[in-house]
Amino acid sequence: MDWSKVTRNWEAASDRLLKRFPHLSAAALRRPPARIELLARQVAERHELTLYEARDEVELLLFADIPSYQLDRIAAG
């Protein structure tokens, strides 16, 4: 997992997060958090998940398909 790869394409990542976690604030996601743990805490608090569950969900969402995520970024650029 490479958090910096996610933060470099934060607009796409935040769109995915808002679709999966509708109780997150778009305003709070304008900029990427410094660490994935901070994002997981927001998800946990707003979606009635444990911190462990939230971190797992966020990782699956953002890192499960890194190759296609990178291809989408290259194609868009």
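Rules of the game
Residues numbered from 1 in each chain as written. Predicted model: local features only at pLDDT ≥ 70, side-chain atom pairs only at ≥ 80, totals over all residues. Heavy atoms only, no water. Buried < 20%, exposed > 50% of the residue type's maximum accessible area, 1.4 Å probe, protein only. Helix = DSSP H or I, 4+ residues; strand = E, 2+ residues; numbered from the N terminus. Arc of directions from axis to C-beta. Salt bridge = Lys/Arg side-chain N within 4 Å of Asp/Glu carboxyl O. Axes fitted to C-alpha atoms, helices over the stretch in contact; angles between N-to-C directions. Left-handed = near helix turned anticlockwise from the far one by under 90°. Contact = heavy atoms within 4.5 Å. Nonpolar A, V, L, I, M, F, W, Y, C, P; charged D, E, K, R; others polar. Parallel < 35°, antiparallel > 145°, perpendicular 65-115°, else oblique.

J.: Would you explain helix α2 (residues 10-20) in this entry?
T.: In an α-helix, one turn spans 3.6 residues, which is why side chains three or four residues apart end up on the same side. Those residues of α2 lying buried are Trp-10, Ala-13, Ser-14 and Leu-17. The arc that holds every buried residue of α2, seen down its axis, measures 95°, which confines them to one face. Those residues of α2 that are exposed and angled more than 90 degrees off the buried face are Glu-11 and Lys-19.

J.: Hey, could you run me through the pattern of salt bridges in this one?
T.: Any two side chains of opposite charge can pair if their charged atoms end up close together. This structure, assessed with the given rule, holds 4 salt bridges. Where Glu-57 meets Arg-20, a salt bridge forms, and the shortest distance between an N and an O atom there is 2.5 Å. With a gap of 37 residues between them, Glu-57 in helix α4 (residues 51-63) and Arg-20 in helix α2 connect regions that are remote in the sequence. Given a relative accessible area of 27%, Glu-57 falls into the partly exposed group. One salt bridge in this structure joins Glu-37 and Arg-35, with 3.4 Å as the shortest N-O distance. Here the salt bridges do not stand alone but share partners, grouping Arg-35, Glu-37, Arg-55 and Glu-59 into one network.

J.: Mind showing me how you'd approach the environment of Leu-29 here?
T.: Within the fold, Leu-29 resides in the loop between α2 and α3 (36-47). Taking the C-alpha atoms as reference, Leu-29 lies 8.6 Å from Leu-18; in sequence the two are 11 residues apart.

J.: It is not clear to me how the packing of α3 against α4 should be interpreted in this structure. Could you clarify?
T.: How two helices sit against one another is set out by the angle between their axes and by the gap between those axes. The contact between α3 and α4 brings their axes to 8 Å, and the two run at 115°. For the crossing formed where α3 meets α4, the hand is right-handed. For the pair formed by α3 and α4, the contact residues are Ile-36, Glu-37, Leu-39, Ala-40, Arg-41, Val-43 and Ala-44 on the first element and Leu-51, Ala-54, Arg-55, Val-58, Glu-59, Leu-62 and Phe-63 on the second. The residue inventory of the contact of α3 with α4, partitioned by class, reads 10 nonpolar, no polar and 4 charged.

J.: Could you clarify how one ought to interpret the packing of α2 against α4 in this entry?
T.: Orientation of α2 relative to α4, taken along the N-to-C sense of each, is 130°, at an axis distance of 10 Å. The orientation of α2 relative to α4 falls into the category oblique. In the crossing of α2 with α4, the sense of the turn from one axis to the other is right-handed. Packed against α2, whose contacting residues are Ala-13, Arg-16, Leu-17 and Arg-20, the element α4 presents Glu-57, Leu-61 and Leu-62 at the interface.

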